[in-house]
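Inside the fold
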Amino acid sequence: MDFAPLSDRADRTDRTDESTGAEGADRADRSVTYVPATVTRSAKIVVAGGFGVGKTTLIGSVSEVRPLRMEEPITQASAGVDDLRGTPHKTTTTVAMDFGRIHMAGGRIALYLFGLPGQSRFQPLWEDLAEGALGCLVLADTRDLDASHDALGLLDSAGIPYAVAINTFPGSPSYPEAELREALALDPATPLTYCDARDRTSSLHALITLTEYLSEHRSAALLESRR
Amino acid sequence: MSGPRRDPDMVRPYVRTQGRIRAREDVRLESVVIAATGPTDTLGPDARRVMRLFAGADGGLAVADIAAALELPPSTVRILVSSLMDSGHLSSPVAAIDDQPDFDLLQEVLRGLRSLV
Ligand SMILES: Nc1nc2c(ncn2[C@@H]2O[C@H](COP(=O)(O)OP(=O)(O)OP(=O)(O)O)[C@@H](O)[C@H]2O)c(=O)[nH]1
Ligand SMILES: [Mg+2]
């Protein structure tokens, strides 16, 4: 079986600019929906995956408030570039992350869903922003399963439990589950499901599959620690 | 000179937050804060912008909401919010003692998601 990546998929999230450190003029604050005063707990689930796999769509499908976007500039030294002053050449990549929110438990809990880009070069960002997540839903597209490997690697190294949901796009080839698991190198216990990120119920089911697994995973870990 | 001391991302949050260089561990992207009281005239410009967001608000905001509303990097907002909690300008809506273990939170989230379909 061949999982050839799509040729020259455009990097649509990043903007790469020379780092200037310049601050723009104070912009008008964007409208934001306040968290109801009933909320006493919040939780976070991360939605990860390669470019264009449906992260923003899934968050938009399930969020009860208008999804918002944050931007984190990350500075990266370009290796091997040297100018006359011997200063390392730096570029700033702006990483966009969108997020939504669901209120539950009679308004006592706010569940935040964050779309994080799955590229391994964003590892420092992950350490900072994914910490404390209940778990992660990894979206994958069978036209480019390799695009999921970075996200899976980040999660494995951060010790964040995850489930994988295959988004079906027109023209996505379908493979038997065993082949998908093998191609993604999934642990036998890791849930593998399908979802249409454009559909609210389908997206919720993918999140439920993840959360059921997290809850079993947690029970197993608790038992293990009591041995 | 070379190395991280020249990195603008290392310098900027320090300048912006008047001393704090690291966020509190309990201040994460999803952490919700509410406004307490206190004079804001000694605060830096970004901290004042954060406090202005809460003027007249009848609820809280998560760190991520603040970052999106003010178009500031979430890593910077985590530090700003940490300082503002240290100084008592912001506080957590959760009682100081968090008596609910994580397992219950997960069960509540699972129940909550199931109730939506
Ligand atoms: N058929 C189908 N199309 C989808 C699905 N999910 C997303 N799309 C479409 O795929 C395109 C890309 O989706 P996005 O939600 O922007 O993907 P993303 O992962 O946020 O993309 P980046 O942020 O650019 O990495 C959009 O045109 C969506 O309408 C899905 O489950 N099925
Ligand atoms: Mg997106």
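What this report covers is the structure whose coordinates are included nearby. It should be emphasised that the depicted structure is a prediction, and the values quoted were computed from it without experimental measurement.

Further remarks concern the overall build of chain A. For chain A, the helix and strand inventory stands at five helices and eight strands. Sequence-ordered secondary structure for chain A, helices as α and strands as β, is β-β-α-β-β-β-α-β-α-β-α-β-α. Here chain A, with 227 residues, has 48% of them falling under the buried criterion. Long-range pairs, those at least 24 residues apart, make up 74% of the contacts in chain A between residues at least 6 apart in sequence.

Looking at where B:Asp65 falls in the secondary structure, it is placed in helix α3 (residues 63-70). Given the relative accessible area of 2%, B:Asp65 is considered buried. Polar contacts involving the side chain of B:Asp65 include one to the side chain of A:Arg101, which spans 3.2 Å. The contact partners of B:Asp65, leaving out residues within four places of it in the chain, are A:Val32, A:Val35, A:Leu68, A:Phe99, A:Arg101 and A:Tyr112.

Pairing between side chains of opposite charge can happen when the charged atoms of each approach one another. A full pass over the atoms with the stated rule returns 13 salt bridges over all chains. The shortest N-O distance in the salt bridge between A:Arg101 and B:Asp65 comes to 3.2 Å. Highlighted residues: A:Arg101 in strand β4 (residues 88-104) and B:Asp65 in helix α3, drawn from two different chains. Here A:Arg181 makes a salt bridge to A:Glu177, at a shortest N to O gap of 2.9 Å. Of this pair, A:Arg181 and A:Glu177 both sit in helix α4 (residues 177-184), four residues apart, roughly one helical turn.

Every contact between the two is made by 57 residues of chain A and, on the other side, 48 residues of chain B. Regarding the contact of chain A and chain B, the summed buried area is about 4,800 Å², with carbon and sulfur atoms giving 59% of it. Counting the contacts that link chain A with chain B gives five salt bridges. Residue A:Arg108 pairs with B:Glu108 through a salt bridge whose shortest N-O separation is 3.2 Å. Connecting chain A to chain B are 11 residue pairs in polar contact (both at pLDDT 80 or more). Looking at the side of chain A that touches chain B, the elements with two or more residues in it are β2 (41-49), β3 (68-82), β4, β5 (109-117), α2 (123-129) and α5 (200-226) of chain A. For the side of chain A that touches chain B, the leading source of residues is α5(A), giving 13 residues. Partitioned by chemical class, the residues of the side of chain A that touches chain B number 26 nonpolar, 12 polar and 19 charged.

Thresholds, definitions, all that
- Residues numbered from 1 in each chain as written.
- Chains lettered and ligands numbered in written order.
- Predicted model: local features only at pLDDT ≥ 70, side-chain atom pairs only at ≥ 80, totals over all residues.
- Heavy atoms only, no water.
- Helix = DSSP H or I, 4+ residues; strand = E, 2+ residues; numbered from the N terminus.
- Buried < 20%, exposed > 50% of the residue type's maximum accessible area, 1.4 Å probe, protein only.
- Contact = heavy atoms within 4.5 Å.
- Polar contact = N/O pair within 3.5 Å; in protein donor to acceptor, adjacent residues only side chain to side chain.
- Salt bridge = Lys/Arg side-chain N within 4 Å of Asp/Glu carboxyl O.
- Buried area = accessible area lost by both parts, 1.4 Å probe.
- Nonpolar A, V, L, I, M, F, W, Y, C, P; charged D, E, K, R; others polar.

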